[in-house]
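What follows is each chain in one-letter form.
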There are 2 protein chains.
Amino acid sequence: MLKEYIDLSYKPRRSDLICMFKIKPNRISMKKAAAHVAAESSVGTWTEVGPMNDRIKKMRARVFDIDGNYVKIAYPEVLFEKDNMAQVMSSIAGNIFGMKVVNELRLEDIDFPDDFMRIYKGPEFGIRGIRSHMKIKERPFVGAIIKPKIGLKTKQHATLAYETWMGGIDIIKDDENLSNQRFNPFKDRVVETYAVKDKASSETGEVKEYMPNITAETETMLERMDFIRSQGGKYAMVDVVTTGFSTIQTIRKNSKGIILHAHRAMHGAITRGNQGISMLALAKIYRLIGVDQLHIGTIVGKMEGDKTEVVNIWENIEKKIVKKDKKEHILAENWGNIKPVFAVCSGGLHPSHIPALVKSFGKDIIIQAGGGVHGHPDGSRAGAKAMRQSVDAVMKNISLKRYSKKYNELKRALDHWK
Amino acid sequence: MLKEYIDLSYKPRRSDLICMFKIKPNRISMKKAAAHVAAESSVGTWTEVGPMNDRIKKMRARVFDIDGNYVKIAYPEVLFEKDNMAQVMSSIAGNIFGMKVVNELRLEDIDFPDDFMRIYKGPEFGIRGIRSHMKIKERPFVGAIIKPKIGLKTKQHATLAYETWMGGIDIIKDDENLSNQRFNPFKDRVVETYAVKDKASSETGEVKEYMPNITAETETMLERMDFIRSQGGKYAMVDVVTTGFSTIQTIRKNSKGIILHAHRAMHGAITRGNQGISMLALAKIYRLIGVDQLHIGTIVGKMEGDKTEVVNIWENIEKKIVKKDKKEHILAENWGNIKPVFAVCSGGLHPSHIPALVKSFGKDIIIQAGGGVHGHPDGSRAGAKAMRQSVDAVMKNISLKRYSKKYNELKRALDHWK
């Protein structure tokens, strides 16, 4: 019976997986809609079936809290296969999104069972590991995306990377749609860009890194990661949404020694609006699987995502303990031994944005710019300098306006993007 | 410049990839919003960048048609890596969904370049290959999902499968969240269920098939597919949305001799509403990658999806030539040598629904029921009989009401689900 899926006196166990959904029912009560969600995402279906028995009934999901349109549901851990995120999502985020009994449904947050923190790998490096590799103790990292995002030939790509590193950028990445194109093949690009990386590194005395985009069919991705390793590389970039949960798990399973940078292209098809899955829930999943760096939004810049939401995501991927927040509809989480993920702010950023980003997220962020570097009126090296100068100003607690009196590249950037 | 992305006199080439988007701009004109979509999904970004050159400008996407909120954009093929669907999606369905300049954005349809029909594998079997294997010449297939969807022990699962086959069901599948749980481990389930499959086959004289759900991390999926092969199995089921595009390509690359059944759990998080990607576009992608069977919706039943939409999906996965339809916002497609995918109707179906399904889709469909079989008042075997009787009635062009006078299982089903 549908009402068996409702138990408002139920106290969730540490072994339960808890979901918070936002539901807009379709001409039925919230209670009934919530029960349908719990049934379809655990052991039930639209009608009673003969083979149901008491043992299986105990495995059902339970709606234990209803607060306006927000509903909390607890799932017994026995429903989930170990270390199989696609299976978890097929359960708690599967058919329910297509049910007629709801008009809109959004998976807002997931509180994973304590066991998941032991079963899933989490990041290999995390913030500390990456800082140690990059030899950057305290300040935010400054990253750059090569632009135009696609089209440059291999030599041009490498030359531009060199210019950008020389201006003061720490890590350079491919863009989400650059993989292995005729005019810029993956292997050639890695070889050529590593060559100038080493040059920039020895000329600046700083660790410089390059994050080649390995996005492809899974076996090809593993080959590309192996190629990176064979060339002494340390980073691989992955489009985590378009490749998929199963691929990310496979990559993480085989990523030993490689820092994984997660680009979230296509997330907005799932995370935006009142139907789908929040970026917060996705970000927690990617932390659990074990990417080391993740794009979370920018507050400022060209991408949507309001401040509260982005700050909540940041907190959930960088902290060990997250408290529940009834007002903001955030579940609690204890990340146990799962390492923190380095949050990446990227999308329409330029030097002016940096103070606001550090104010919101502190210093443990990677600030990336593409247009904000290569769109500088005096070229990419000047653009890189301006980004780094802005970070330096923030670290010295000096306003950009004042700092720009001494640093012309920063001044030119501030004047250019008003 | 943004306006360079608009060229309403442009005539797309056969080598272009064409997207149809539905756009709700955010306080700018439709033209400007469309240009932003074309720029961000090809070679542009939010600001002009120095390294742009004429060669790269030629690689830009072009908005060539604007019709109310519907916009058509052509992408030169050079932007896409061969046989890399994640890369294609990171381009045409990537960052654009998160842009502030649009309030809502939906990728409605994709017309793939002619070359894609040679580069991508498409289904190995397709409708003909599957019919030939199953030795069913003309009628729709009758499928059943084991229910409860999760919880049965291996022996119970196998016994229920046997009962269901004996009632007249052709193919039996696991549900989307059953993979390799403690109470029903994958390998044991495959072995036990195959044993009764052979029994049912020899007792009924019909080909019977079982579709085990291999959904997991990619390498584990390949192992499970190998296990199916080692046991003489013919079918594997995959949750195509939760595993991801890269995994599906990897599975298809290694699937020789195995018919791939695609369950679409989680699609509603992407396909429903005005933000995201239509099921039509996803279905075309899965055909191109090469699944053999795909859930497309039901028109009737527990899942949303209006009739026009589901019929358009059916047409695009089963036909060779699809004509454009301005009114329904459907692009043309020539599938070349890519085989048709067997359409699967599944979700809240029972015997009463079958005449309407055959009327809409013809006989080349797989009609699946879970609750509609195991929820029959006289048990699963009777439920299976009623489903098959309903198909027989339709094939003989006799109304269910009349046919049920002779066939009691059908009568009981009609009475039970009014």
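Rules behind the numbers
- Residues numbered from 1 in each chain as written.
- Chains lettered and ligands numbered in written order.
- Predicted model: local features only at pLDDT ≥ 70, side-chain atom pairs only at ≥ 80, totals over all residues.
- Heavy atoms only, no water.
- Helix = DSSP H or I, 4+ residues; strand = E, 2+ residues; numbered from the N terminus.
- Buried < 20%, exposed > 50% of the residue type's maximum accessible area, 1.4 Å probe, protein only.
- Pairing = 2+ DSSP bridges.
- Contact = heavy atoms within 4.5 Å.
- Axes fitted to C-alpha atoms, helices over the stretch in contact; angles between N-to-C directions.
- Buried area = accessible area lost by both parts, 1.4 Å probe.
- Salt bridge = Lys/Arg side-chain N within 4 Å of Asp/Glu carboxyl O.
- Polar contact = N/O pair within 3.5 Å; in protein donor to acceptor, adjacent residues only side chain to side chain.
- Domains from an automatic or database assignment.
- Nonpolar A, V, L, I, M, F, W, Y, C, P; charged D, E, K, R; others polar.
- Least-squares fit on C-alpha atoms with pLDDT ≥ 70 in both.
- Left-handed = near helix turned anticlockwise from the far one by under 90°.
- Arc of directions from axis to C-beta.
- pLDDT = per-residue confidence, 0-100.
- Phe/Tyr/Trp six-rings, centres within 6.5 Å; stacked < 30°, edge-to-face > 60°.
- Lys NZ or Arg CZ within 6 Å of the ring centre and 35° of its normal.
- Core = buried A, V, L, I, M, F, W, Y, C linked by side-chain atoms within 4.5 Å.

1. Comments concerning unusual backbone geometry
Here the amide bond leading from Lys147 of chain A into Pro148 of chain A is cis, since omega sits at -5°, within 30 degrees of zero. The backbone phi angle of Met266 of chain B is positive, close to 90°, even though this residue is not glycine. With respect to the helices and strands, the residue Met266 of chain B is situated in the loop between strand E9 (259-263) and helix H11 (268-271). Here Met266 of chain B falls in the buried class, since its relative accessible area comes to 3%.

2. Section: the sheet that holds strand E1 (residues 17-25) of chain B
All names here are of chain B. Strand order in the open sheet formed by five strands is E2-E3-E1-E4-E10, and the pairing between neighbours is mixed. Strands at the two margins of the open sheet, each flanked by one partner only, are strand E2 (62-67) and strand E10 (276-277). Across the face of the sheet, helix H1 (residues 30-40) comes into contact with E1, E2, strand E3 (70-75) and strand E4 (102-111) while running at roughly 135° to E1. Most of the contacts of helix H12 (residues 279-289) go to E4, to which it runs at about 40°, and overall it touches E4 and E10.

3. A word on the interface of chain A and chain B
Taken together, the 97 residues of chain A in the interface contact 97 residues of chain B. Around 7500 Å² of area is buried between chain A and chain B when both sides are counted, 53% of it from carbon and sulfur atoms. Linking chain A with chain B are eight salt bridges, by the criterion used here. Among the ionic pairs, Lys253 of chain B bridges to Glu219 of chain A, the shortest N-O distance being 2.9 Å. Our count for the contact surface shared by chain A and chain B stands at 61 residue pairs in polar contact (both at pLDDT 80 or more).

4. Let's talk about the domain arrangement of chain A
Residue and element names in this part refer to chain A. Taken as a whole, chain A is organised into domain 1 (2-119) and domain 2 (126-416). Each of domain 1 and domain 2 has a C-alpha centre, and these two points are 35 Å apart. Domain 1 puts 27 residues into the contact, and the matching count from domain 2 is 27 residues. A buried area of about 2500 Å², summed over both sides, lies between domain 1 and domain 2, and 56% of it is on carbon and sulfur atoms. Here domain 1 is connected to domain 2 by 16 residue pairs in polar contact (both at pLDDT 80 or more). Where the side of domain 1 that touches domain 2 is concerned, the elements lending two or more residues are strand E1 (17-25), strand E3 (70-75), helix H3 (85-92), strand E4 (102-111) and helix H4 (116-119). By residue number, the principal contributor to the side of domain 1 that touches domain 2 is E4, which donates nine residues. Residues that form the side of domain 1 that touches domain 2 fall into these classes: 15 nonpolar, two polar and 10 charged.

5. Description of the relation of the copies chain A and chain B
Placing chain A over chain B gives an RMSD of 0.0 Å and needs a rotation angle of 180°, together with 0.0 Å of translation along the axis. Taken together, these values place the two copies in the relation of a two-fold axis. Scanning chain A for the C-alpha nearest the rotation axis identifies Gly244 of chain A, at a separation of 1.9 Å.

6. A look at the sheet that holds strand E15 (residues 365-369) of chain A
In a beta sheet, neighbouring strands are held together by backbone hydrogen bonds and run either parallel or antiparallel to one another. Residues and elements named next belong to chain A. Judged by pairing direction, the sheet is parallel, and its eight strands sit side by side in the order E7-E6-E5-E15-E14-E11-E9-E8 without closing on themselves. Each of the sheet's edge strands pairs with one partner strand only, and the pair in question is strand E7 (209-211) and strand E8 (235-239). Neighbour-to-neighbour, the strand axes of the sheet open up by a mean angle of 25°, direction not taken into account. With three bridges joining them, strand E5 (residues 141-145) and strand E6 (residues 171-173) adopt parallel strand pairing. Opposite Ala144, over in E6, you have Ile172 as the bridge partner. Where helix H13 (residues 307-318) meets the sheet, its contacts fall on strand E11 (293-295), strand E14 (342-345) and E15, and the angle it forms with E14 comes to roughly 150°.

7. Things to note about the packing of helix H6 (residues 154-167) of chain A against helix H16 (residues 380-395) of chain A
The angle between the axes and the distance between the axes are what describe a pair of packed helices. Residue and element names in this part refer to chain A. It is the contact of H6 with H16, at a shortest axis distance of 7 Å, that shows an interaxial angle of 35°. Taken as a pair, H6 and H16 cross one another with a handedness that is right-handed. Residues Leu160, Tyr162, Glu163, Thr164, Met166 and Gly167 of H6 form the contact with H16, whose own contacting residues are Ser380, Arg381, Ala384, Lys385 and Arg388. Classifying every residue of the contact of H6 with H16 gives four nonpolar, three polar and four charged.

8. Description of helix H14 (residues 354-361) of chain A
Residue and element names in this part refer to chain A. Of the residues making up H14, those classed as buried are Ile354, Leu357, Val358, Ser360 and Phe361. One side of H14 holds all its buried residues, which, seen down the axis, span an arc of 165°. Next to the buried residues of H14 lie H13, E14, E15 and H16. Following H14 by one or two positions, Gly362 has its phi on the positive side, about 80°.

9. With respect to the side chain of Thr218 of chain B
Here Thr218 of chain B lies in helix H8 (residues 218-230). Since its relative accessible area comes to 1%, Thr218 of chain B is described here as buried. Beyond its immediate chain neighbours, meaning those up to four positions away, Thr218 of chain B contacts Thr218, Ser246, Thr247 and Thr250 of chain A together with Thr247 and Thr250 of chain B.

10. Observations regarding the environment of His416 of chain B
Residue and element names in this part refer to chain B. Looking at where His416 falls in the secondary structure, it is placed in helix H18 (residues 408-416). When the C-alpha atoms of His416 and Ser9 are compared, they prove to be 59 Å apart, with 407 residues separating the residues in sequence. Leaving out residues up to four positions away in the same chain, His416 has contacts with Gly375 and Pro377. In this structure the side chain of His416 is engaged in a polar contact, spanning 3.5 Å, whose partner is the backbone oxygen of Gly375.

11. What to know about the confidence of the model for chain A
Reading fine detail from the predicted coordinates is not recommended where pLDDT is low. Residue-level pLDDT values for chain A average 97, and 100% of them are 70 or greater. Interface predicted TM-score (ipTM) for the complex: 0.97; the corresponding pTM is 0.98.

12. A word on the packing of aromatic side chains
In this description, an aromatic ring pair is defined by two values, namely the gap between the centres and the angle between the planes. Counted according to the given criterion, the structure contains 20 aromatic pairs over all chains. Arranged with centres 5.2 Å apart and planes meeting at 35°, the rings of Phe116 of chain B and Tyr120 of chain B form a pair that is tilted. The same class applies to Phe116 of chain B and to Tyr120 of chain B, which are both buried. A connected cluster of aromatic rings, assembled from ring pairs, spans Tyr75, Phe80, Phe112, Phe116 and Tyr120 of chain A. Note that Arg287 of chain B overlies the ring of Trp335 of chain B, its terminal NZ or CZ placed 4.2 Å from the centroid.

13. So, the nonpolar core
Residues Ile92 and Ile277 of chain A together with Ile92 and Ile277 of chain B are the most contacted members of the largest nonpolar core, which totals 234 residues. Beyond its immediate chain neighbours, meaning those up to four positions away, Ile92 of chain B contacts Leu17, Cys19, Phe21, Ser41, Tyr75, Phe80, Leu107 and Ile110 of chain B.

14. Structural notes on the pairing of E1 of chain B
Residues and elements named next belong to chain B. Burial runs high along E1: seven of the nine residues are buried. In the sheet, E1 pairs with E3 via six bridges, with the strands oriented antiparallel. Across the sheet, Cys19 pairs through a bridge with Ile73, a residue of E3. For E1 and E4, the ladder comprises eight bridges, and the chain directions are antiparallel. Paired with Phe21 across the bridge in E4 is Leu107.

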